Amino acid sequence: MHEIVIYVLGVSGLLAVVSFLPPLAAHFRVPFTVLLAGVGVLLGAVVQGFASVQGMGPIGDFFASLAGFDVSAEVLLYTFLPVLLFETALTVDVRRLMDDVGPILLLAVVAVFVCTFAVGYALSLVSGFSLVACLLLGSIVATTDPAAVVGIFRDLGAPRRLTMLVEGESLLNDAAAISLFTLLLGMLTRKADGGVAEAALAFLENFGGGLLVGYLCGRVACVLVTPVRDQPMAEITLTVALAYLTYMLAEHYLGVSGVVAVVASALVVGSIGRTRISPATWDALEHVWKQLGFWANSLIFLLTALVVPKVFAQLSVAEVGLAAVVVVAALAARGAVLFGLLPVLSAAGLAQKVSHSYKAVMLWGGLRGAVSLTLVLVVSENDRVPDRVQAFVAALATCFVFFTLFVNGTTLRHLIRLLGLDKLTPVERAMRNRALALSLGGVQEKAAELARHYEIERAAADALITHYAERLSHIDLEREAERPLSAAERVTIGLVILVNREEELYFHHFKEGISSRHVAELLTGRTARMLDAVKTQGRDGYRAAEEPFMAFTGWMRLASWLHRRFGITKPLARRLSMRFEVLVAVRLVLRELITFTQGRLADVLGTETSCELEGLLTVRLQRTEQALGALKLQYPDYAIVLQNQYLGRAALRLEEADYRTLHAESIISQEVLSDLQRDVELRRRILEKPPQLDLKLNLPEMVRRVPIFASVPPDRLARIVKLLKPRLFLPGETVVRKGEHGDCMFFIASGAVEVIVPGLSEPVKLGTGDFFGEMALLSRRPRNADVRALGYCQMLVLHERVFRRLVGRDPDLRQHIEAVADARRQPAPQPEPDTEQAAPATT
Ligand code: CMP
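Since we're looking at a predicted model, the values are computed, not measured. (Residues numbered from 1 in each chain as written. Predicted model: local features only at pLDDT ≥ 70, side-chain atom pairs only at ≥ 80, totals over all residues. Heavy atoms only, no water.)

## Some remarks on the site of the ligand
Put simply, the rule is: It suffices for a single heavy atom of a residue to lie within 4 Å of a molecule or strand for the residue to be listed as near it. In protein, a polar contact requires one atom able to donate a hydrogen and another able to accept it; more generally it is a pair of N or O atoms within 3.5 Å, and residues adjacent in sequence count only if both atoms are side-chain atoms. For accessible areas, the Shrake-Rupley method is used with a probe of radius 1.4 Å. Any residue's cover is judged against the shown protein chains and nothing else. Helix and strand definitions here come from DSSP, where helices need a minimum of 4 consecutive H or I residues and strands a minimum of 2 consecutive E residues; each element is numbered from the N-terminal end. Note that Gly is not counted as nonpolar here; it falls among the polar residues with everything else outside the nonpolar set of Ala, Val, Leu, Ile, Met, Phe, Trp, Tyr, Cys and Pro and the charged set of Asp, Glu, Lys and Arg.
The ligand sits among 15 residues. The nearest are G773, E774, A776, R783 and N784. Interatomic distance of 2.7 Å between a side-chain N/O atom of E774 and an oxygen atom of the ligand. A distance of 2.7 Å is found between an oxygen atom of the ligand and a side-chain nitrogen or oxygen belonging to R783. With the chains in place, 98% of the 450 Å² that the ligand exposes on its own is no longer accessible. Looking at which element gives the most residues to the shell around the ligand, the answer is helix 30 (residues 774-779), with 3 residues. Of the residues assigned to the shell around the ligand, the class counts are 9 nonpolar, 3 polar and 3 charged.

## Brief notes about a nonpolar patch on the surface
Note the threshold: In this scheme, patches are assembled from residues that exceed 30% relative accessible area and form no salt bridge. Like charges are connected within 9 Å, while nonpolar side chains (Val, Leu, Ile, Met, Phe, Trp, Tyr) are connected within 5 Å. Here, a salt bridge means any Lys or Arg side-chain nitrogen found within 4 Å of an Asp or Glu carboxyl oxygen. Partly exposed residues are those whose accessible area sits between 20% and 50% of the maximum for their type, while under 20% is buried and over 50% is exposed, using a 1.4 Å probe and protein chains only.
Together, W555, L558, W561, F566 and I568 make up a nonpolar patch on the protein surface, roughly 550 Å² of accessible area in all. Looking at the secondary structure, you find W561 in helix 23 (residues 554-566). The exposure class assigned to W561 is partly exposed, which follows from its relative accessible area of 39%.

## Looking at helix 3 (residues 57-68)
Definition in use: A helix is expected to reach a length of 1.5 Å times the quantity of its residues less one.
Taking 1.5 Å per residue as the helical rise, helix 3 with its 12 residues ought to reach 16 Å, and the 16 Å between its terminal C-alpha atoms agrees with that figure. Within helix 3 the residues assigned to the buried category are G60, F62, F63, S65 and L66.

## Details of the side chain of R587
Test applied: All tallies of charge rest on Lys and Arg as positive and Asp and Glu as negative; His and the ends of each chain are not included. Here a residue-residue contact requires only that any non-hydrogen atoms of the pair lie within 4.5 Å.
You can see R587 is positioned in helix 24 (residues 570-605). At 4.5 Å, E625 is the nearest oppositely charged side chain to R587, a buried residue that forms no salt bridge. Discounting residues that sit within four places of it in the chain, R587 has contacts with L621, T624, E625, L628 and K632.

## What about the environment of S473?
Looking at the secondary structure, you find S473 in helix 20 (residues 458-481). Note: C-alpha distance between S473 and A437 (36 residues apart in sequence) is 9.1 Å.

## Digging into the nonpolar core
Heads up, the rule is: Throughout this description, the term nonpolar core refers to a set of buried Ala, Val, Leu, Ile, Met, Phe, Trp, Tyr and Cys residues connected via side-chain atoms within 4.5 Å.
Ranked by size, the top nonpolar core spans 141 residues in total, and within it L14, L81, F86, L123, L303 and F392 carry the most contacts. Considering every element that reaches this core, the biggest residue donor is helix 9 (residues 160-190), with 16 residues. Excluding anything up to four places from it in sequence, F86 contacts T239, L242, A243, V262, S265, A266, V269 and W289. Ranked by size, the runner-up nonpolar core spans 86 residues in total, among them V491, L631, L728 and L730.

## Digging into helix 15 (residues 317-347)
So the rule is basically this: For a residue, the bend is simply the angle between two axes, fitted respectively to the seven-residue segment ending there and the seven-residue segment starting there.
In a regular helix each residue adds 1.5 Å, so 31 residues correspond to 45 Å; helix 15 covers 45 Å between its end C-alpha atoms and thus fits that length. Within helix 15, the axis deviates most sharply at L341, by approximately 30°, and proline P343 lies no more than four positions further along.

## Some remarks on unusual backbone geometry
Positive phi, close to 55°, is recorded for R29, a residue that is not glycine. Judged by its relative accessible area of 52%, R29 is exposed. Of note in this structure, R780 is not a glycine but carries a positive phi near 55°. With respect to the helices and strands, R780 occurs in the loop between helix 30 and strand 7 (786-789).

## Some details on the packing of helix 6 (residues 101-127) against helix 15
Test applied: Here an angle of 0 to 180 degrees is reported between the N-to-C directions of two axes, which are lines fitted to C-alpha atoms, with helices fitted over the stretch in contact. Note: crossing handedness is left-handed where the near helix turns anticlockwise from the far helix by less than a right angle, and right-handed where it turns clockwise.
Where helix 6 contacts helix 15, the two axes come as close as 8 Å, and the packing angle between them is 145°. Both helix 6 and helix 15 take part in a crossing whose hand is right-handed. Along the lines of polarity and charge, the residues of the contact of helix 6 with helix 15 split into 23 nonpolar, 2 polar and no charged.

## A short note on a positive patch on the surface
Worth spelling out the cut-off: We put the charge of a Lys on NZ, of an Arg on CZ, of an Asp on CG and of a Glu on CD.
Among the surface-exposed residues, R719, K722, R801, R805 and R809 lie close enough to one another that they form a single positively charged patch. Put simply, the parts of the chain that give the positive patch at least two residues each are helix 29 (714-723) and helix 31 (800-809). Of the residues forming the positive patch, the biggest block, 3 residues, is contributed by helix 31. Here R809 shows up in helix 31.

## Digging into the pattern of salt bridges
Where charged atoms of side chains with opposite charge meet at close range, the side chains can pair. Following the criterion strictly, the structure yields 24 salt bridges and no others. The residue D675 makes a salt bridge to R678 at a minimum N-O spacing of 3.7 Å. In this pair, D675 and R678 are both assigned in helix 27 (residues 670-688), 3 residues apart and thus about one turn of the helix distant. Classification of D675 by relative accessible area gives partly exposed; the value is 45%. Among the salt bridges present, the one from R825 reaches D822, with a minimum N-O distance of 2.9 Å. With R825 and D822 both in helix 32 (residues 811-825), this residue pair falls 3 residues apart, about one helical turn. Given a relative accessible area of 41%, D822 falls into the partly exposed group. Through salt bridges with shared partners, a single ionic network connects E656, R660, E681 and R684.

## A few points about the sheet that holds strand 5 (residues 764-767)
We apply this condition: By this definition, two strands are paired if DSSP reports at least two bridges between them.
Strands sit in the order 2-7-4-5 across an open sheet of 4 strands; the sheet is antiparallel. Edge positions in the open sheet fall to strand 2 (734-736) and strand 5, since each of these has one partner strand only. Between one strand axis and the next, the sheet turns by 30° as a mean value, whatever way the strands run. Here 4 bridges tie strand 4 (residues 752-756) to strand 7, and the two strands are oriented antiparallel to one another.

## Things to note about a negative patch on the surface
A cluster of like negative charges, contributed by E3, D70, E74 and E381, occupies part of the molecular surface. The topology assignment puts D70 in the loop between helix 3 and helix 4 (73-90). Classification of D70 as exposed rests on a relative accessible area of 59%.

## Focus on the sheet that holds strand 1 (residues 725-729)
Pairing within the open sheet is antiparallel, and its 4 strands lie in the order 1-8-3-6. On the outer flanks of this sheet lie strand 1 and strand 6 (771-772), each paired with one strand and no other. Where strand 3 (residues 744-750) lies against strand 6, 2 bridges are found, and the strand directions are antiparallel. If you follow F746 over to strand 6, its bridge partner there is F772.

## Some thoughts on the confidence of the model for the chain
Rules: Confidence of the predictor in every single residue is expressed as pLDDT, which spans 0 to 100.
When pLDDT is averaged along the chain, the result is 84; 93% of the residues meet or exceed 70. The spread of mean pLDDT over the elements of the chain runs between helix 8 (residues 146-155), the lowest at 66, and strand 6, the highest at 95. This model gives residues 834-843 a pLDDT under 50, and the stretch forms 19 contacts once residues within four places in sequence are excluded.

## Things to note about the packing of aromatic side chains
Applied cut-off: Think of it this way: a Phe, Tyr or Trp ring, Trp meaning its six-membered ring, pairs with another when their centres are within 6.5 Å, and the plane angle makes it stacked under 30 degrees, edge-to-face over 60, tilted otherwise.
Throughout the structure, instances matching the rule amount to 16 aromatic pairs. Residues F117 and Y121 carry aromatic rings whose centres are separated by 6.2 Å and whose planes lie at 25° to one another, so their mutual orientation is stacked. Of this pair, F117 and Y121 both sit in helix 6, separated by 4 residues, roughly a single helical turn. Pairing F709 with F747 gives two aromatic rings, centres 4.9 Å apart and planes at 55°, and the pair type is tilted.

Rendered as structure tokens:
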């Protein structure tokens, strides 16, 4: 048969077999991967029997084609592995991964090393093979398989955190194990030992290089996706190309780990790309990748499992004994990491605590799969590896993989059940029942409405409504049987609902085009952290997590520092406009949440709890409004532009919906609709650009607001203006710190500051037109007080050298400044702050 016919027949036949496996797995309640492995071995056995049988039509040809398959490891590595890894990494929630990054990295990297060395040394003691060969085998069996592990954990409905831990581990340890494997294979075939330090360096280069290449490729893809936005086919195709190109670039051209690179690029796309890719496409993209991942995993498994019967047939008793050593050593190594190292990491505060039952499941659930089998194939195909070693590695690694699949994989479900991990906690059950009550109540109401709308016969409608009412009352009964929840638990339940809703609303506003991508990215990230805080600490967690919504971010502080230090204004203006947008978006959502709490949530949780929740939301709303008010005070025009933009985007949405209705009613043709939509799109693009914020650091205007310069003649004033530097300070920012060397003084052009004078019970407030920082310059001594900005403050900064020149030439100015400084030195009575000038403290 022609070669291509063999391949097409073989692969399509395998796909046909695979398509029946998910329902079979569900029916027999075995994990899909385990069934896949079983079927693979079975097929392998049949293939060996049928290889010589001729003339059986297509079925015979199919088996013959499988027997004739020359699946090289390269084919598996280059064709299926990138897809498999990209798909698993794409679904990982990077933020959650970061929460548990300590234990995940420990398991992924350290556990791989511990397992490799444990298996390697144990085998080298009993097998008579060289240490490097044994270590090579160790690295093959060190990697847990993402598809196998994730599939089983998701099937079993294991808790999310546990799933996340094993998922993250299995993803990253592939990368670590394959890097280590490549290194050991090189050592084995070159016969050069190279030394431990050199090997470690090579490993780091390989791993780190892969990480960097993957990250950069992912970022580039996120940029490239912008021009093809809203073109689902193009966007999805770009991600497929990304997976392969990243792998190629890293592995083939740059000589770093392709596996690590693919995983890194998928993590970037999964986190940053999620908001770059149009929301409608994202769902389709996930489906496509799920499908591709399913094919890749199934085919790798079946193709590698085909040769397993041959391996098993040649198995000697001694090899079975050695396989037992591998099993014991690998389990012991994993156990040592989980029960020995992980607690140390938790005690050091580097990782969250992981319960013993989780650890037990993680120990038993470390299944091996397609990646290990592919690596076995790599060894078998390498001519430079001695035949004896090839057979040894193939036999033991295959035995081990199948042991984990058939023994661990089939019993994991029982272990999870035995440990009670599949059960909802009482609070979770209560939440489930409340959520159910909330949704069923709504559906019941809507069904009644629909029945009226469609004029459905009463009897038919009543039957449905009664059904819902029965379900509701059933849940009510269940709820009555529940242990009554404490007030704190009720609040926690409410907060979990509210935070989930908050995240959904941010995403919804982005989807609707009301808020921008950056804002959605930032806010959904914060709500995710808030959710975790609420789940672990309830109300206190919520309070603590609300702080980042208001606080100035590290980026903002950096931008402010750049402005203060070097006079660079652009980043600060950008950050401030972003803050504006974020505050407006948060305010909008908080208002919606308050309405939601007063309505639906009050029905389910009771008025007492809902009042408390409303209180928490109201406090947040007030703080948000306060912060927004402070910004508006400084930049009233910008606030108007921004609101205008919001309204514009909302109006565009309405406009577009209207056009669609007109088209649906056949009033306008498709051509007219397309034309109108193009116009809307054009205007939307304009509205999407964030308006530029002018920091309003207009020097002459600012100088005019400082009375001390009012009497200076215009020609001299023009020269003074050139010597002053305009600077903006953020609310709460420390302008001057006590004890520091003072090299400048400040004039307040707008805003207010507080001076924390040692020995005074109340801080002294200074406002627009006042100055400070003069004492250090006059006395040449360190600053004598802390000065903090109360709101947004525009200041004029006068540097020491210029100050001396200025006061040297202008005795009046010097006298005035000295008089103020003298008055400030007097211990009492303290000058009353000028209420007109000292603006109220705003944040
Ligand atoms: P300097 O010592 O350079 O830095 C801290 C500044 O706080 C100081 O200059 C004054 O400008 C200001 N300051 C110190 N004490 C008072 C006070 N009692 N009232 C108002 N401002 C003060």
